[in-house]
Amino acid sequence: MSERRSHTPRPLKKYPWLRPAVTRAAGHGPRSGAGTGTGTGTGTGTGTGTGASGPPGAGSAPAAVDGTAVADEQSVVDAAVYRDGRRVGTPDSLAATFRRLREEPGAMAWIGLYRPTEAELLSLAEEFDLHKLSIEDAMEAHQRPKLERYGETLFVVLRAARYLDAVEEVDFGELHVFVGPDFVITVRHGAAPDLSAVRTRLESAPELLALGPEAVLYAILDAVVDGYAPVVAGVQNDIDEIETEVFRGDPAVSRRIYELSREMVEFQRATRPLVGMLRGLMAGFDKYGTDDELQRYLRDVADHVTHTSERVDGFRSALTDILAVNATLVTQQQNAEMRALAEAGFEQNEEVKKISAWAAILFAPTLVGTIYGMNFTHMPELHWVLGYPFALLLMAVVCVSLYVIFKRRDWL
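Small disclaimer: the values here were computed from a predicted structure and weren't measured.

(A) Representation of the nonpolar core. With 59 residues, the main nonpolar core has Leu-158, Ile-220, Leu-221 and Phe-267 as its most contacted residues. Counting residues per element, this core draws most heavily on helix H8 (residues 253-283), which supplies 11 residues. The next biggest cluster of nonpolar side chains, apart from the first, holds 24 residues, and it includes Val-76, Val-157, Phe-183 and Val-187.

Following this line, the structure appears as structure tokens:
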């Protein structure tokens with residue numbers, strides 16, 4: 001850009017949430033008209049030519065500036081300028097959005113980005129004086145929900161969620177929102193939430209959109225929190241199914257419990273910080289003179305967040321109890337199997353003892369008969385008249401003795 005909009009302090013009564021809490025630090029002052037533009041190298045040059053079409057709502061990409069090619073703004077989902085709650089312009093690039101916002105006194109810009117490049121974020125940071133820490137967070141993503149105030153700009157990180165019926169899993173997305181006196185910038189790092197629906201809703205209610213950037217923030221918060229309801233319903237259904245599988249003895253249920261427990265940890269990290277964030281916003285209602293209608297809307301969102309957070313806490317507790325019950329049932333089943341194996345082994349041992357006892361009894365006469373059947377010439381008792389009866393008697397005595405011994409030892 002060859003020129004920049006000079007910063008004129010705006011009355012903060014209309015934007016009570018955005019009243020600066022502290023004086024700006026050196027190096028982060030308001031925009032001035034003396035700086036250079038955000039042209040070559042930032043991905044948002046000021047050329048008027050058309051390029052490859054971007055995502056829905058992004059318009060045409062800018063052409064080259066001073067012979068240097070400018071990156072296509074493929075991450076711009078929608079960029080619009082509003083005045084008095086109505087859309088007055090749909091620029092086809094970030095540079096055109098900046099220019100149109102300067103040309104519309106009292107207007108507000110809402111720029112929606114999906115996984116923007118570093119160049120685009122730096123361009124926005126230079127134009128709207130965004131703090132470098134918030135830009136770093138928006139680049140890195142994977143942030144926990146939080147609310148930070150940098151001068152006149154409010155930086156909000158939200159974790160949206162959606163339930164995937166096909167795989168019965170919870171998918172989490174990340175949304176960063178920059179809210180200033182005359183702009184709202186949304187940076188999505190996931191499929192959820194659907195901000196096009198939020199924009200359509202606000203544009204159909206111009207009296208609400210006319211309240212300014214804080215109304216957009218409310219609508220985004222409301223959409224994120226409302227998106228938790230289908231997730232809660234889906235998780236409740238999963239828990240009901242898991243309970244049935246646990247008592248049915250499904251061996252794969254332990255893994256499902258573990259995976260759902262991990263999802264509930266993520267869900268808890270997404271919802272629990274929102275309770276404190278909304279309390280902080282509500283605490284400033286009287287101090288900053290927040291619009292009464294927005295107060296009611298935000299209290300309603302806070303109630304829903306609190307209810308969702310409590311449900312998620314209940315889910316984690318229920319899954320812990322189910323896991324303990326499943327472990328108990330598995331242990332009981334293993335004990336029953338071990339007892340059955342022990343009983344089978346005992347019965348088998350009894351049979352082995354009986355077989356061994358009878359084998360020993362039958363071996364005794366075989367031994368005697370073997371000795372007397374060797375037929376040596378000088379073997380004693382071969383020519384004894386009582387030799388045959390004696391051999392039979394010996395066999396009988398040995399067998400009866402072994403039988404009595406085994407019987408006393410319960411082998412027979």
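Still to come is the rest of the account.
(B) Local environment of the pairing of strand S2 (residues 86-89). With three bridges connecting them, strand S1 (residues 76-83) and S2 associate as antiparallel partners. Each bridged residue has a counterpart across the sheet, and for Tyr-82 the counterpart in S2 is Arg-87.

(C) Region of the structure containing unusual backbone geometry. Even without being glycine, Asp-84 reaches a positive phi, approximately 55 degrees. Position of Asp-84 among the secondary structure elements: in the loop between S1 and S2. Overall, Asp-84 belongs to the exposed group, its relative accessible area being 61%.

(D) Layout of the packing of helix H6 (residues 213-226) against helix H7 (residues 228-248). Contact geometry for H6 and H7: axes closest at 4 Å, N-to-C directions at 10 degrees. Considered as vectors, H6 and H7 are oriented roughly parallel to each other. Across from Val-224, Val-225 and Asp-226 in H6, the residues of H7 making contact are Tyr-228, Ala-229 and Pro-230. Of the residues assigned to the contact of H6 with H7, the class counts are five nonpolar, no polar and one charged.

Calculation criteria
Here the residue index of a chain counts from 1 through its sequence in written order. For a predicted model such as this one, the threshold for reporting local features is a pLDDT of at least 70, and the threshold for listing and counting side-chain atom pairs is 80 or more; totals across whole chains, interfaces and linings nevertheless cover every residue. The side-chain numbers reported here are obtained from all heavy atoms of the structure, hydrogens and water having been left aside. Within this scheme, the nonpolar core is defined by two criteria: the residues are buried Ala, Val, Leu, Ile, Met, Phe, Trp, Tyr or Cys, and they are joined through side-chain atoms within 4.5 Å. Relative accessibility thresholds used throughout: buried, under 20% of the residue-type maximum; exposed, over 50%; partly exposed, between the two (1.4 Å probe, protein chains only). A run of H or I in DSSP counts as a helix once it spans at least four residues, and a run of E counts as a strand once it spans at least two, with each numbered from the N terminus. DSSP bridges decide pairing: two strands pair if at least two such bridges lie between them. Axis geometry follows a simple rule: fit a line to the C-alpha atoms, using only the stretch in contact for helices, then measure angles between N-to-C directions, giving values from 0 to 180 degrees. Put simply, angles under 35 degrees are roughly parallel, angles over 145 are roughly antiparallel, angles from 65 to 115 are roughly perpendicular, and the rest are oblique. Throughout, a residue-residue contact means that at least one pair of heavy atoms, one from each residue, lies within 4.5 Å. Classification convention: Asp, Glu, Lys, Arg as charged; Ala, Val, Leu, Ile, Met, Phe, Trp, Tyr, Cys, Pro as nonpolar; all other residues, Gly among them, as polar.

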